[in-house]
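For reference, the chains in residue letters:
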Amino acid sequence: MSETNGKTCAPVDISESDILSAMKDIQGYIDISPGDFKEVFQVAYSHAFQRIMNSLTAADIMTMPVHLIGIEMDLRQTATFQENPSRTRLPQSCRQNRRQGRRK
């Protein structure tokens, strides 16, 4: 197994039948045993998983600008502020505009 960004990438369970079917679907001759093919597939899958996990950044999924709710806002003000569907999470800020926590 491989560790990537705190997530575990377990080997994919692929059967010998799956391998033989795939090898028959490929045109031409492949000089590799089903066991070796399975090992190559699992290692390639692990590499692909790591590449995909490492390609995502916070900027890829964050929206800008970041909307903060003030610590002094009451529940009604907060609910009204969050009515906008693009605001799914609202970090809470203190008087110095530093993040305090978040409300879902």
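Scroll up to find the structure this text is about.
No experiment lies behind these values; they were computed from the predicted model shown. (Residues numbered from 1 in each chain as written. Predicted model: local features only at pLDDT ≥ 70, side-chain atom pairs only at ≥ 80, totals over all residues. Heavy atoms only, no water.)

Turning next to helix α2 (residues 34-55). Since there are 3.6 residues in each turn of an α-helix, residues three or four apart along the chain are aligned in direction. Relative to the 32 Å expected for 22 residues at 1.5 Å per residue, α2 spans 31 Å between its end C-alpha atoms, a close match to the ideal helical length. For α2, the complete set of buried residues consists of Phe-37, Ser-46 and Met-53. (Helix = DSSP H or I, 4+ residues; strand = E, 2+ residues; numbered from the N terminus. Expected span 1.5 Å × (residues − 1). Buried < 20%, exposed > 50% of the residue type's maximum accessible area, 1.4 Å probe, protein only.)

All right, on to the environment of Leu-90 then. Residue placement: Leu-90 occurs in strand β4 (residues 90-93). Residue class for Leu-90 comes out buried when judged on its relative accessible area of 1%. In this structure the C-alpha to C-alpha distance between Leu-90 and Ile-69, which are 21 residues apart in sequence, comes to 6.4 Å.

Here we take up the environment of Ile-14. Locating Ile-14 in the fold gives a position in the loop between β2 (7-9) and α1 (16-25). Residue class for Ile-14 comes out buried when judged on its relative accessible area of 12%. As for Ile-14 and Glu-39, which are separated by 25 residues in sequence, their C-alpha atoms are 9.9 Å apart. If near-sequence neighbours (up to four positions away) are discounted, Ile-14 is found in contact with Ile-19, Lys-38 and Phe-41. (Contact = heavy atoms within 4.5 Å.)

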